[in-house]
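Architecture at a glance
Spelled out, the chains give:
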Amino acid sequence: MTPPRTRALVLVVAVAVLAALPAFGITIPGLFDGPLGSPGTLNLLALCFVFGALALTYDLVFGFVGLLSFGHALYFALGAYVTAMLLARAHLPLPEALAITAVLALIVPCALGAVCLRVSGIPFAMVTLAFAEAGSILVLQNPYGLTGGEEGLPLDGSMLPAAFVGVVNTRNLYWLALVLLIVTYAVAYLAVNSPPGRVWQAIRENERRVEVIGLNPYLFKLGAFVLSAFLASAAGVVYLLLQGGANPGIASANFTLALLVMVVLGGVGTLWGAVLGGVAYEYLDFRLVALANAGVVQTLPAVLRVPLSEPLFILGALFVALVLFLPGGLGAALQRLGRPRRTANE
Amino acid sequence: MLLFVTGLGLGALYFLIAAGLSLIWGLMRVLNFAHASFFTVAAYLAWSASQHVPADAPGLRLIVSLAVGTAVGGAFAALTEIALIRPLYARPTGQILVTVGLALAALALVQGSYGSDPLQVTLPDALTKTTSLAGAAIPNSRLLVIGAATAVLGLLVFFLRKTRYGLIVRAGVENREMVTALGIDVQGAFTLVFVIGGMAAGLAGVLAGAYDGSIDPARGTAILIFAFIVVVIGGLGSVTGSAAAAVLVGELQQFLNFYAAAGVGDFAVVLLLAAVLLIRPGGFGGARA
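The paragraphs below set out a description of the structure included in this document. (Residues numbered from 1 in each chain as written. Chains lettered and ligands numbered in written order. Predicted model: local features only at pLDDT ≥ 70, side-chain atom pairs only at ≥ 80, totals over all residues.)

A look at the overall build of chain B
To be explicit about the condition: Secondary structure elements follow DSSP: runs of H or I of four or more residues count as helices, runs of E of two or more count as strands, with numbering from the N terminus. When we talk radius of gyration, it's over C-alpha atoms, and the globule rule is simply 2.2 Å times the number of residues to the 0.38. Exposure criterion: with C-beta atoms placed from backbone coordinates, a residue whose C-beta has 20 or more other C-beta atoms within 10 Å is buried, one with 12 or fewer is exposed, and one in between is partly exposed. In this description, a residue-residue contact is defined by the distance between C-beta atoms placed from the backbone, which must lie within 7 Å.
Each helix and strand counted, chain B has twelve helices and four strands in total. Here chain B has a C-alpha radius of gyration of 19 Å; the compact-globule value for 289 residues is 19 Å, and the two agree. Considered along the principal axes of its C-alpha atoms, chain B spans approximately 55 × 45 × 35 Å. Taking all 289 residues of chain B together, the buried fraction comes to 56%. A fraction of 76% describes how many contacts in chain B between residues 6 or more apart in sequence connect residues 24 or more apart.

A closer look at the interface of chain A and chain B
Applicable threshold: Under the grouping applied here, Gly and all other residues not named as nonpolar or charged are polar, the nonpolar ones being Ala, Val, Leu, Ile, Met, Phe, Trp, Tyr, Cys and Pro and the charged ones Asp, Glu, Lys and Arg.
Opposite the 35 residues of chain A that make contact, chain B presents 32 residues. Every element with two or more residues in the side of chain A that touches chain B is listed here: helix 5 (121–141), helix 10 (253–266), helix 13 (302–308) and helix 14 (311–325) of chain A. Among the elements that take part in the side of chain A that touches chain B, helix 5 of chain A stands out by supplying twelve residues, more than any other. Residue composition of the side of chain A that touches chain B, grouped by class: 28 nonpolar, four polar and three charged.

Concerning helix 6 (residues 140–162) of chain B
As a reminder, the rule being used: Working rule for helices: expected span equals 1.5 Å times residues minus one.
With 23 residues, helix 6 of chain B ought to run about 33 Å at 1.5 Å a step, and its terminal C-alpha atoms sit 32 Å apart, in line with that. Ser141, Arg142, Leu144, Val145, Ile146, Ala148, Ala149, Val152, Leu153 and Leu156 of chain B are the residues of helix 6 of chain B that are buried.

Some points on the environment of threonine 6 of chain B
All names here are of chain B. Relative to the helices and strands, threonine 6 resides in helix 1 (residues 2–28). For threonine 6, a count of 21 C-beta atoms within 10 Å translates into the label buried. Spatially, the C-alpha atoms of threonine 6 and tyrosine 259 are 14 Å apart, while their sequence positions differ by 253 residues. With residues up to four places along the chain from it excluded, the contact list for threonine 6 reads Arg142 and Gln254.

Points about helix 6 (residues 170–193) of chain A
Over its 24 residues, helix 6 of chain A extends 34 Å from the first C-alpha to the last, a length consistent with the 34 Å expected when each residue adds 1.5 Å. Every buried residue belonging to helix 6 of chain A is among Thr170, Leu173, Tyr174, Ala177, Leu180, Leu181, Thr184, Ala188 and Val192 of chain A, and all of these are buried.

Section: the nonpolar core
To be explicit about the condition: In these notes, a nonpolar core means any group of buried Ala, Val, Leu, Ile, Met, Phe, Trp, Tyr and Cys residues linked to one another through C-beta atoms within 7 Å.
Core analysis: the biggest nonpolar cluster contains 220 residues, and Val50 of chain A together with Leu13, Tyr14, Leu16 and Ile17 of chain B have the highest contact counts within it. Contact partners of leucine 16 of chain B, with chain neighbours within four places excluded, come to Ala149, Val152, Ala200, Ala201, Leu203 and Ala204 of chain B.

By themselves, these are just geometric observations and shouldn't be taken as functional.
Here's what the structure looks like:
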């Protein structure tokens, strides 16, 4: 093990480099289209951070408590949609909209979690899936023209502080996403290493035993569920600001499945693994589209071209291979390659 | 009456998906997310095959589609079980994850090859006509779906009750370890159950095309979610429970979507699921989960 002090130092340096990134004009050919400081690259990186944070919140329930939820997208969508609706429909200023969203982001998972956690295992997965589907239907049905239905709901720029509007200010959003990732990581780290966090991991290993010791697993599970959902809603808000709108895709069951892919890609049950998975997924999803339109792929015969031009096909196939041959995910693979490589990727 | 039969048709589609899911879960404890891709891939390949049949023989087209869809569903399922599920017997979570990955990949592949817009399905006249039933004009395609699902239900019950393999499957659902301990090859039954489920799902894919008049890639996932709900309400591992729950869910959805507002029926089904799980976590008619 590397001494904790070295690890902390590496973390601080990494964060400092990432924070200073907008000032760099270097172009990394192949990795990004524009120079590092250009709005396009910053936007992609910021999205990667948001998904890293989101994957982390999912890992909190799935990897640390062992709850296989298929409804996590609901809370991400809740953050994005409630804020967007309050801004665009109720014309509230951002701080008030955020306050209301925060309250809802606590009440909704409390209520739904209390119901869902009455069952466990696969039935739990099913109920969460059903509730998320209900949320998705709600968004698509567009009641009273509130959610914008299939079109999505654009962000009402007039209600936002000037620092978050316009392409010029992408760097502010980038920093916001970075802060989101850091805060989420810090909260998750503290939570996992707190006494309740230890109980979560005990529940994951053997729930019956936790009961025998005299603790009530239900309350601990509910706590983890609500914390994770709340953080996911926060990620949803940042996503909304970053994308300039909420789209129904983030409420769909497929989005939760994508989350699952992210976490497993990175490594279940490790914090930085989940972040890595989320970042890698979003980056690949974005870059594989560019690959699909690249000249090389377009000249291939249809048998090869069609699969290669579908990012989800590549990700899905990669995921299947990973589950079959590399159970620990990318995290475990990097760990196996040795310590230095791992910190470099953190 | 029209609403009732349409709801029954929807329930029939749910049942065709749910029956396979339920058996697979009951016997193997695998939550099969790839079931939607059996459905979708079979529907599309069947559509392609039917394009090779001259357009002036729509009846033959339908028969070819049904045959190809069923065969593709079964073959795809068998391949999935042997190549992806079998290496992961020791890791239940891995099995679920692998089916998730497969579902994503297969869906993307279908979208890439056929586009994401719905494709029109040409039906023989006999199916687009209506039959008068208790004063309501019922499209024949609804009756076809209901008839096919009833036949599948009959065959499945016969298979499970009267054949040797059915006995093994039923015993495996009850207590897998005991069956293995008695020296019976459960692995063969695993593949068999997957093939049956895949065939039913493939059939459902083609029938859904006849029911909706078109096929589109997103249909499978939408149906799968309701099929999951049906499986849980009906009791995991119980085929007859699934059939009853499928009818209940299909009717509830259809009536509320019509009389209340679009989407209310879907909502009600979700609430029904929550209620059932809280009252009877094992579902109705199923073994304890």
